[in-house]
Every structure is written in C-alpha cells, then in structure tokens.
Amino acid sequence: MLGIFTSMFYYPFSLLQPIAGLMCDVIEPSYILFFSGVITAIGDFICGLSRSLLGGSIGRLFVGFGCSFVASSCIRTILNWFPLEHYSKIYGIFLFFGGVGGILAQTPFTLLARIIGWRWCFYSIAFVSIFFSIITLIFIRGDPTSLGYKAINEYSGSNEINSFKEKFKILLKNLFMIISNFNFWLGAIYVFCENGAYDNIIGIWGGPFLKEILGYDSVKTSNALLGTSIGGLTGSLINPYIVDTLHLSRKWVLVCATIISALCCIPFGFFPEKLSFIMVISLFFVLAFTTSGFAAILSPLVLELFPPSAGSSVGGCITCFAFISLIIFMPLTGKILQHFGSDSKDPEVHNPDGFKYGLWVFDLCALSIGAFLLLFFKNKRKMEHHFNSVK
C-alpha cells in the first residue's frame, strides 16, 4: 500500500519532465515556478486532510505534478543569468541545496512530525511552498533582460516572442531537434542506468540489505546511509570545479567515475560479511560521489549538443529518464528478491542471493552498460564557446 502512495509522486513527475522542459524554454520560468508551487501546496493540503489511501494518493499526484516543473525552470534561469562556462558549477550548487533538502526531509522532519503530528507537517510544507512561490513571482525573473539588464549570454531566447503560435513552433522544433540526436539517446540511456542503479540502493533496497544481511539496527543503518548523502553533496560542489579547472574531458571523467561506482557494488554482492562499518560507509560515500555527485558534469555534457536556448527542453527530457528508471529498477529488484524467497534460517528476511543478484549484480551490470554506452558519445563543443559554434 505504501508503494502505491509513493508511486503516485514519481509517475507524474517522470512523465511531465519533457513537457516541463519544453515549456520553460518558451514561458517565463518564474510564472511556471509560481503555479507549480501552488499546485504542490494543494497536494500537501490534500495529503494532510486525507483520511484514506485514495485521498493521500491524490495529494501525492498533485505534489508530483507541481514538483515536475522545478528543475527545468531552474536550468532555464541558470542558463540565462550566468555565463555558459560556469553552468556546471552553478548547477552543482543547485543540486547541493536539493540534497540538503533531502537530508532535512529525513531525520529532522521525522522529529518534527513527533512534535506537531504528521498532518501539520504536510500543512507546514504547503505554507512554505506558497510563501516561496509568491516570493519567486514577485522578485525572480528567468531572464535578466526582462528586468532591464544586459543579456549575459548573447543568444536569442524565446521570452521575446509573444505569439503563442511562434512559441508552439519553437517548442516542436526543440523537441524534434532533441529526439533526432543520437548522442542525446546515449546520454539518456546512461542516465537511466546510472540513476536507476544509484536510487535502487539509496531509495529503497540499501536499507533492507544492511538490516537483513549485515544485521544493522535502524540507527546504524541510517548512519551508514548518511555516507551517500555526504558523498552526493560533496561531489555536487567540488566535481564541477575540479573538471573545469583542470580542463578535463567530461565524457571520460564520467566513464571513469561510473566504472568506480560499479566496482563499489562488488564487495556488497560477493563478500558482505567481510565489510566493517567503516568500509560500508566509505563505499557508500564513493558510490554517491561518483554517481549523484557527477550529475552536474553530465548535464553540460548533454546540453553542449544543442543551442543554449533549448537548454530546459534538453534538461527536462534527460531528467525524465532518470525518474523512469526508478519506476523500473525498484520493482524489478523486488521481483528478483521474491523469486529467491526468504532465508532458510530466518523466514522474516530475504535470501542473501536475492540481494546479491537482484540488487548488487543487477546494479553492477546497469552501471557497466552505462559506462560502455558513454564511450560512443561524441561531443565536439565546449560550453564556454558554444554560442560561437551555433551562431
């Protein structure tokens, strides 16, 4: 039942990503953020008022719909307000704060729920969402030229076009340009494999593995998984600076990072009994650092394939594959665990072979496939010189 409630967020969030990206390239991002924030708040209120699974699921559906427009709006705003050569650094900071929000939504929010109750937690989120939506609508604009400032990057955006017909033509043009690019599909499948493998561990099955196979209690499991949060946050902040400062190839950095993350799966799958707590948290840190921590490197790698004016469209389409992977990876691992059944010594826990093949070998293969496909990715442009190459 909890799986149904959870999935009601991911389905609209995933499927609306391409639409959100396309819209943010032709509509003022602050307007989109305002309406998405209001829709999210409505969903939170519904969840707080709900008395049944159906009511809660409807609320989650609204939350997923509203949140689906946030990332693309921010990508469009970053591309307009900062020089293109700094995109990966700024996007990394954006991901960092998103990760901080994820941490606050765990233990701190659980403690808050014990104090004020879970219903008022939803109400509180709704009020905060409405507050920041209004602040965004009043003070934020997605393009400096709309506030009378000089354009940061000398490419023509779509905000200057007022005709709905012209904006719709640009939307269709961007969509066709993206889906007809072979390298985009290589990047999309890479995101599907990499994000699916990472969230398969962190999102649902890593915790049960630590408890059932390694015998950790809830506190120790939470502390071990903290390594992933720290690794992802650290990587989001420092990896863009390292790659840009040293002028490293984004493609080959990602290939090497993905191979390292794949290797991290081997100890968990083949000799988990030999892993100390320090080794576990260290492996989780490296796994997150080389996957989630490199998202800010992948984004400009794919964006460089297209004109900057289509940046949100590209980002939305790529993000779609990241969340579709959650819909496939997590249930598939669950099916494999069911196939292997329970442990012969303890019927309350899964068979260790189920975790070995359903989680670690499965994710190892997915990450390996992602790294292999990225070898064929051809990118001849640099973000900082991109305008000159497409002008």
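Considerations on the environment of Leu 226
Residue placement: Leu 226 occurs in helix H11 (residues 218-245). Taking the C-alpha atoms as reference, Leu 226 lies 8.8 Å from Ile 103; in sequence the two are 123 residues apart.

What about the pattern of salt bridges?
One pass over the structure, following the stated rule, counts 4 salt bridges. The closest approach of N and O atoms between Asp 244 and Arg 250, which form a salt bridge, is 3.4 Å. For the pair shown, Asp 244 and Arg 250 are each scored as buried. The partner of Glu 304 in a salt bridge is Arg 250, with the nearest N and O atoms 2.3 Å apart. In this pair, Glu 304 is assigned in the loop between helix H14 (295-303) and helix H15 (311-340) and Arg 250 in helix H12 (residues 250-270), connecting sequence segments 54 residues apart. In the salt-bridge network here, residues are joined through shared partners; they are Lys 89, Asp 244, Arg 250 and Glu 304.

Overview of the nonpolar core
Formed by 67 residues in total, the largest nonpolar core has its most connected members in Phe 184, Leu 210, Val 280 and Phe 284. Per-element tally for this core: the top contributor is helix H10 (residues 182-212), with 12 residues. Once you skip the residues sitting within four places of it in the chain, Val 280 turns out to touch Leu 210, Leu 214, Tyr 216, Ala 224, Phe 268 and Leu 275.

Considerations on H11
Taking 1.5 Å per residue as the helical rise, H11 with its 28 residues ought to reach 40 Å, and the 41 Å between its terminal C-alpha atoms agrees with that figure. Ile 238 marks where H11 bends most, by close to 35 degrees; the proline Pro 240 follows one to four residues later. The opening residue of H11, the one whose side-chain oxygen lies 3.3 Å from the backbone nitrogen of Val 219, is Asp 217. Of the residues trailing H11, His 247 is marked for its positive phi of about 55 degrees.

As for the packing of aromatic side chains
What the rule picks out here adds up to 28 aromatic pairs. Ring geometry for Phe 131 against Phe 132: centres 5.2 Å apart, planes inclined by 80 degrees, an arrangement best described as edge-to-face. On the basis of relative accessible area, Phe 131 is assigned to the partly exposed category, the value being 47%. Geometrically, the ring pair formed by Phe 285 and Phe 289 is stacked, given 5.9 Å between the ring centres and 20 degrees between the ring planes. Of this pair, Phe 285 and Phe 289 both sit in helix H13 (residues 277-289), 4 residues apart, roughly one helical turn. The exposure class assigned to Phe 285 is partly exposed, which follows from its relative accessible area of 29%. Taking the relative accessible area as the measure of exposure, Phe 289 reaches 18% and is therefore buried.

Considering the side chain of Thr 228
Structurally, Thr 228 can be placed in helix H11. At 2.4 Å, the side chain of Thr 228 and the backbone oxygen of Leu 225 are in polar contact. Thr 228 has contacts with Tyr 198, Ile 202, Phe 284, Phe 285 and Ala 288, leaving out every residue within four places of it along the chain.

Re a nonpolar patch on the surface
Where nonpolar side chains cluster on the molecular surface, the patch consists of Ile 42, Leu 54, Ile 58, Leu 61 and Phe 62 and spans about 420 Å² of accessible area. By residue number, the principal contributor to the nonpolar patch is helix H4 (residues 53-67), which donates 4 residues. Tracing the backbone through its elements, the reader meets Leu 54 in helix H4.

Quick notes on the side chain of Thr 291
If you trace the backbone, Thr 291 turns up in the loop between H13 and H14. Other than its neighbours up to four places away in sequence, Thr 291 contacts Glu 194, Tyr 198, Ser 261 and Leu 367.

Observations regarding the packing of helix H5 (residues 70-81) against helix H6 (residues 87-104)
Their axes nearest at 10 Å, the elements H5 and H6 cross at an angle of 145 degrees. H5 and H6 meet at a crossing whose hand is right-handed. Seen from H5, the contacting residues are Ala 71, Cys 74, Ile 75, Ile 78 and Leu 79; seen from H6, they are Tyr 87, Ile 90, Tyr 91 and Phe 94. In terms of residue class, the contact of H5 with H6 is made up of 9 nonpolar, no polar and no charged.

Digging into the packing of H10 against H11
It is at 9 Å that the axes of H10 and H11 come closest, and there the two elements cross at 150 degrees. Classified by the angle their axes make, H10 and H11 are roughly antiparallel. The handedness of the crossing between H10 and H11 comes out as right-handed. Counting all contacts with H10, which are made through Tyr 198, Ile 202, Gly 207, Leu 210 and Lys 211, the residues of H11 involved are Ser 218, Thr 221, Ala 224, Leu 225 and Thr 228. Here the contact of H10 with H11 is composed, by residue class, of 5 nonpolar, 4 polar and 1 charged.

Definitions and cut-offs
- Residues numbered from 1 in each chain as written.
- Predicted model: local features only at pLDDT ≥ 70, side-chain atom pairs only at ≥ 80, totals over all residues.
- Heavy atoms only, no water.
- Helix = DSSP H or I, 4+ residues; strand = E, 2+ residues; numbered from the N terminus.
- Salt bridge = Lys/Arg side-chain N within 4 Å of Asp/Glu carboxyl O.
- Buried < 20%, exposed > 50% of the residue type's maximum accessible area, 1.4 Å probe, protein only.
- Core = buried A, V, L, I, M, F, W, Y, C linked by side-chain atoms within 4.5 Å.
- Contact = heavy atoms within 4.5 Å.
- Expected span 1.5 Å × (residues − 1).
- Bend = angle between axes of the 7 residues up to and from the residue.
- Polar contact = N/O pair within 3.5 Å; in protein donor to acceptor, adjacent residues only side chain to side chain.
- Phe/Tyr/Trp six-rings, centres within 6.5 Å; stacked < 30°, edge-to-face > 60°.
- Patch = residues over 30% accessible without salt bridge, like charges linked within 9 Å, V, L, I, M, F, W, Y side chains within 5 Å.
- Areas by Shrake-Rupley, 256 points an atom, 1.4 Å probe, with all protein chains shown as cover.
- Axes fitted to C-alpha atoms, helices over the stretch in contact; angles between N-to-C directions.
- Left-handed = near helix turned anticlockwise from the far one by under 90°.
- Nonpolar A, V, L, I, M, F, W, Y, C, P; charged D, E, K, R; others polar.
- Parallel < 35°, antiparallel > 145°, perpendicular 65-115°, else oblique.

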